Amino acid sequence: MFYHVLKYVFIGPLLRLFFRPRIEGLEHIPEHGAAIVAGNHLSFSDHFLMPAILKRRITFLAKAEYFTGPGVKGRLTAAFFHSIGQIPVDRSGKEAGQAAIRAGLGVLSRGELLGIYPEGTRSHDGRLYKGKVGVAVMAIRAQVPVVPCAMVGTFEIQPPGQVVPRIKRVTIRFGEPLDFSRYAGLENQKAAIRAVTDEIMYAILTLSGQEYVDEYAAKVKAAQDEHTRQTKQSGQSKKFPKLRR
């Protein structure tokens, strides 16, 4: 109930008014039955813009941090994501990944739309990164189509760290559904799930036109953060050299 109130009364109309999204390929979203919508992830705004333009309800696997933030802001954020039916995902290890897959399969078993960002996190620089294989496991095991989606322009309106998005038109593109029935029964084969994931990422890349990086986004971001930290420490050491005794 609250989901539909937000979508059709409060948030949805405001998003359409301010961002005037261009919508391409909406006919590729099946009107009935289970399907996975797999997209790139450039901005916090993605969580709202795609669901706002879909006719059907979509449930996303959202990072657990959205549900565990401290203070008033954290509680409000958690309440919001719970109210719209999003599922928290712990990204801390292999077993956590299996729990996310089980949660996603539960959504699909009810004949619903499941939204997922195969990169596993927001792109920190606007590029498209290597996809994680959970999306492939779910697609093969549930035997459902995967609709690739590209958010275009959302990085420019709200890059990481920017709280209030800029008012600028964005584009949301959906590609033709991908059928992976030929991989039935192979969801435990590493080569098969890697091939399916790469095919999904290539479809997203074709729609988005982003630069592709064949590495995981979280790994690249962690390496950059560590380099920045070491650079700052080196700068402080040069600024305040140790005194000789």
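Residue numbers restart at each chain and count upward from 1, following the sequence in its written direction. Restriction of local features to residues with pLDDT of at least 70 applies here, the model being predicted, together with a cutoff of 80 or more for giving and counting side-chain atom pairs; totals for whole chains, interfaces and linings are based on all residues. With hydrogens and water stripped out, all remaining heavy atoms of the structure feed into the side-chain values.

Let us now look at helix 5 (residues 134-142). Using a 1.4 Å probe on the protein chains alone, a residue whose accessible area is under 20% of its type maximum counts as buried, one over 50% counts as exposed, and one in between counts as partly exposed. Where helices and strands are cited, they refer to DSSP runs of H or I of at least four residues and of E of at least two residues respectively, numbered from the N terminus. Along helix 5, the residues classified as buried are Val135, Ala136, Val137, Met138, Ala139 and Ile140. Phi turns positive one or two residues past the end of helix 5, at glutamine 143, with a value near 55°.

Next up on the list: the sheet that holds strand 5 (residues 113-116). Think of it this way: DSSP has to see at least two bridges between two strands before they count as a pair. Ordered in space as 1-8-7-2-5-3-4, the seven strands form an open sheet in which the pairing is mixed. Every other strand in the sheet has two partners, leaving strand 1 (22-24) and strand 4 (87-89) as the edge strands with one partner each. Across the sheet, the mean angle from the axis of one strand to that of its neighbour is 25°, orientation sign disregarded. In terms of strand pairing, strand 7 (residues 146-152) meets strand 8 (residues 171-174) through four bridges, oriented antiparallel. Among the inter-strand pairings, methionine 151 is bridged to a residue of strand 8, identified as isoleucine 172. Sitting on the sheet, helix 2 (residues 46-53) is in contact with strand 1, strand 2 (35-39), strand 3 (58-63), strand 7 and strand 8, with an inclination near 60° to strand 8. Here, axes are lines fitted to C-alpha atoms. For helices the fit covers the stretch in contact, and angles between N-to-C directions go from 0 to 180 degrees. Pairs of residues are marked as contacts when any of their non-hydrogen atoms sit within 4.5 Å.

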